[in-house]
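Coordinate inspection notes
Here's the letter readout for the chains.
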Amino acid sequence: MKAANPQIPYSREDLLNPGRPRTYRGRELDNIGFPLGGIGTGMISLGGWGQLYDFEIFNRPAKGLDFNYTFFTLHAQREGSDPVTRVVQGPVGGVSYTGRGSGVTRMDGSGLPHFSSVEFTGQFPCARLDFSDDNVPLEVSMEAFNPFIPLNPDDSGLPAALFTFVLTNPGDAPVDATLFANLENKVGHPDTGEGRIEYFDDGAARGLKMSSTKHESSSARYGTLALATSHEELNVQTHWFRGGWFDALHRFWDQACEGELEENREPATVENGTDVGSIGLKATVQPGETVRLPVWIVWHNPNHEKYWGRADGERPVWRNHYATLYDDAPAVASYIAENYERLEGDTAKFANALFSSTLPASVLDAVSSQISILKTTTCLRLEDGTFYGWEGCNPDSGCCEGTCTHVWNYAQALPYLFPSLERTIREKDYEINLHDDGHMTFRMPLPLGVIPEPGFHAATDGQLGGVMKVYREWLICGDDEWLARLWPAVKGSLEYAWKYWDRDQDGVMEGVQHNTYDIEFYGPNTMLGSFYLGALRAAEEMGRHLGDTEAADLYRSVFE
């Protein structure tokens, strides 16, 4: 069908047919990295064939940081038949994978039997992998997500990757199944050692708690991990066999193929190196029945270190917001267990609402992939809950700190999905970044509360865009008291333009105007001129609502 309007490059069918989440197959799977983590917590990447990689959970980007032997394995035996054991991943391969260092490694189980094929369906914030293997007597899927619930930033900021393995029996005889989950105790990374793995069961969640006695509770290396579930019938092994070279993996695989790891719930400690612990979730799947087995990888690394900038003294350390809510990783797991049905249901409501819209598939793909950035190491949440962001990330560090006023000027997802977080940025900009003369520093320094140096030039689009953003945040929240509290600072930041960019107050930008292109504009231009006009109109509307008629009339006259 031709487009109704030749200026619109889509047909009516394109525009009105609902888009669908995309399913990836074959070599398309090689370059998938689906972020699993909370806002401001870091993340783990879920790969296209089901592998876990890039464990960026230690308060900084960490491309290439993998956890040894951290994968899932399924043992299944149909009544009257031989057992089958598979790593719950599709076939290993792809240029992007073999190009990492020296290629495949035994440390991630690549050499063990995998499922013969897999399909990956991405519907952020949810991913689903459907595995296939003619020798496995069950239909097997894995669902993965981290809670993403608009208007609820705390539940959307849980430091965890949540997996549910869906086992369906299409046959006419029962199938006994055990799902094994392994996790390396990398607490203290990059300074591991003196590790401890112990079994815990608080009634809601159970599994393995991982810690280290090597670092004080105030250290940036201090933390805990948890490999947890709400499933009750468990096979537990607090540490793998401590042999040489291939011995540990060989022993694990021999036991997994028998459907039972050597049971060991006693605390395990190791002076040097790391241990690996496992839990096995046991179930019998009756003919025609479906069983869901939940497994959660949880992290709790409470102390965020300022690893960037000058390092000629002690580096400042502050607490992550999630650390003010939960004492350790098992506490997070317990909260997840007690609230799982709601967390999963509310996340699914958002995903279904987005993907059941009539937006074209290309738009849905663009929107959903971009909001996933909120779940990456690009974003932090400071101790008091303030949202803080980099401009982006290098492989092992953030790039361009400070929730840059001009770069974050152009982001629209956060203020509509998590408006309370966006308001924290406005509050800190006008409380800390704004100087007495109205000049706003466009990078927020850390730790929070450090007054930035006033000498660095202002960003014109960031500073004037901030006025419009205050207007946007007020329209969304409707809080007049919030607006009134910021109003004097907002006025000062707008009227700064009359000192440097529009001295004759004729509504036309002049002078030198730094902007998000990292260059200076000289003289009148439509880009920054439109920011200026928009700021004048937004300020007029806010001023009139607050009864500041004199300021509102002045802003209107300059706009005209």
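Here goes a summary of the coordinates provided.

Rules used in this analysis
- Numbering of residues starts from 1 in each chain and follows the order in which that chain's sequence is written.
- Reporting in this predicted model follows two pLDDT cut-offs: at least 70 for local features of residues, and 80 or more for side-chain atom pairs to be given and counted; totals over whole chains, interfaces and linings ignore these cut-offs and use all residues.
- Each side-chain value is derived from all of the structure's non-hydrogen atoms; neither hydrogens nor water enter the calculation.
- Segments assigned H or I by DSSP are reported as helices when at least four residues long, segments assigned E as strands when at least two residues long, and all are numbered from the N terminus.
- Note that the radius of gyration is over C-alpha atoms, with the globule rule given as 2.2 Å times the number of residues to the power 0.38.
- Every residue pair with non-hydrogen atoms within 4.5 Å of one another is taken to be in contact.
- Angles shown run from 0 to 180 degrees and are taken between the N-to-C directions of axes, each axis being a line fitted to C-alpha atoms and, for helices, limited to the stretch in contact.
- Reported orientations rely on four angle classes, namely roughly parallel under 35 degrees, roughly antiparallel over 145, roughly perpendicular from 65 to 115, and oblique for the rest.
- All amino acids are sorted into three groups, where Ala, Val, Leu, Ile, Met, Phe, Trp, Tyr, Cys and Pro are nonpolar, Asp, Glu, Lys and Arg are charged, and the leftover types, Gly among them, are polar.
- The criterion for strand pairing is that DSSP finds at least two bridges linking the strands in question.
- Within this scheme, the nonpolar core is defined by two criteria: the residues are buried Ala, Val, Leu, Ile, Met, Phe, Trp, Tyr or Cys, and they are joined through side-chain atoms within 4.5 Å.
- With a 1.4 Å probe rolled over the protein chains alone, any residue whose accessible area is under 20% of its type maximum counts as buried; one over 50% counts as exposed, and the rest are partly exposed.
- For the purposes of these results, a polar contact is taken to be a pair of N or O atoms within 3.5 Å, where, inside protein, one atom must be able to donate a hydrogen and its partner to accept one; residues adjacent in sequence count only when each atom of the pair is a side-chain atom.
- In this analysis, rings of Phe, Tyr and Trp, with Trp reduced to its six-membered ring, are considered paired at centre separations within 6.5 Å, and the interplanar angle assigns stacked below 30 degrees, edge-to-face beyond 60, and tilted for intermediate values.
- By definition, being over a ring means that NZ of Lys or CZ of Arg is both within 6 Å of the ring centre and within 35 degrees of the ring normal.
- Put simply, a salt bridge is a Lys or Arg side-chain nitrogen that is within 4 Å of an Asp or Glu carboxyl oxygen.
- Crossing handedness: left-handed means the near helix sits turned counterclockwise from the far one by under a right angle, and right-handed means the same turn made clockwise.

1. With respect to the overall build of the protein chain
When helices and strands are tallied, the protein chain shows 12 helices and 26 strands. In terms of overall dimensions, the protein chain is globule-like: its C-alpha atoms have a radius of gyration of 27 Å, near the 24 Å expected for 560 residues. Each principal axis of the C-alpha atoms in the protein chain carries an extent, and together these give about 90 × 65 × 45 Å. Nonlocal contacts in the protein chain, meaning residues at least 24 apart in sequence, comprise 67% of its contacts between residues at least 6 apart.

2. Here we look at the packing of helix α8 (residues 460-477) against helix α9 (residues 480-495)
Running from N to C, α8 and α9 point in directions that differ by 170 degrees, and their axes come no closer than 10 Å. Compared by their axis directions, α8 and α9 come out roughly antiparallel. Facing Q463, L464, V467, V470, E473, W474 and C477 of α8, the residues of α9 in contact are D480, W482, L483, L486, V490, S493 and L494. Split into classes, the residues belonging to the contact of α8 with α9 amount to 10 nonpolar, two polar and two charged.

3. Observations concerning the sheet that holds strand β13 (residues 206-212)
The 10 strands lie next to each other as β1-β7-β8-β9-β10-β18-β14-β13-β12-β16, forming an open sheet whose pairing is antiparallel. What marks the edges here is a single partner per strand, and that holds for β1 (22-24) and β16 (268-270). Within this sheet the neighbouring strands show an average axis-to-axis angle of 15 degrees, counted without direction. Inspection of the sheet shows strand β10 (residues 160-168) paired to strand β18 (residues 290-300) by nine bridges, in the antiparallel sense. By the bridge assignment, L167 is partnered in β18 with V291. Most of the contacts of helix α4 (residues 329-355) go to β18, to which it runs at about 115 degrees, and overall it touches β7 (117-123), β8 (126-132), β9 (139-145), β10, β12 (195-201), β13, β14 (224-229) and β18.

4. Focus on the nonpolar core
Ranked by size, the top nonpolar core spans 76 residues in total, and within it L46, F72 and F163 carry the most contacts. Counting 32 residues, the second largest nonpolar core, distinct from the first, contains Y430, Y532, A535 and A539.

5. So, the environment of G523
Mapped onto the elements of the fold, G523 is located in the loop between β26 (520-522) and α11 (526-546). When its relative accessible area of 15% is taken as the criterion, G523 is described as buried. Sequence-wise, G523 and F241 are 282 residues apart; in three dimensions their C-alpha atoms are separated by 71 Å. With sequence-adjacent residues up to four places away left out, G523 is seen in contact with M509, E510, G511 and Q513.

6. Observations regarding the side chain of E184
Tracing the backbone through its elements, the reader meets E184 in strand β11 (residues 175-184). Within polar-contact distance, the side chain of E184 engages the side chain of T274 at 2.6 Å. Once you skip the residues sitting within four places of it in the chain, E184 turns out to touch D66, F67, N68, T70, M210, L225, T274, D275 and V276.

7. Quick notes on the packing of aromatic side chains
What the rule picks out here adds up to 30 aromatic pairs. Geometrically, the ring pair formed by Y410 and F531 is edge-to-face, given 6.0 Å between the ring centres and 80 degrees between the ring planes. Remark: F531 occurs in helix α11 and Y410 occurs in the loop between β24 (398-399) and α6 (413-417); sequence separation between them is 121 residues. Taken together, the aromatic side chains of Y24, F34, F120, F124, F148, F350 and F418 make up a single cluster linked through ring pairs. The ring of F241 carries the charged tip of R251 above its face, separated from the ring centre by 4.1 Å.

8. Concerning the pattern of salt bridges
Per the counting criterion, the structure on display carries 35 salt bridges. The partner of D346 in a salt bridge is K349, with the nearest N and O atoms 3.8 Å apart. One end of the pair, D346, and the other, K349, are both in helix α4, three residues apart, so they sit about a helical turn from each other. Between E422 and R472 there is a salt bridge, with the nearest N and O atoms lying 3.3 Å from each other. Of the two residues, E422 is situated in helix α7 (residues 419-433) and R472 in helix α8; the sequence distance between them amounts to 50 residues.

9. Structural notes on the packing of α7 against α9
Two elements in contact, α7 and α9, have axes whose closest approach is 10 Å; the angle formed by their N-to-C orientations is 50 degrees. If you check the angle between α7 and α9, you find them oblique. The chirality of how α7 crosses α9 is left-handed. Seen from α7, the contacting residues are R423, R426, E427 and Y430; seen from α9, they are W482, R485, L486, A489, V490 and S493.

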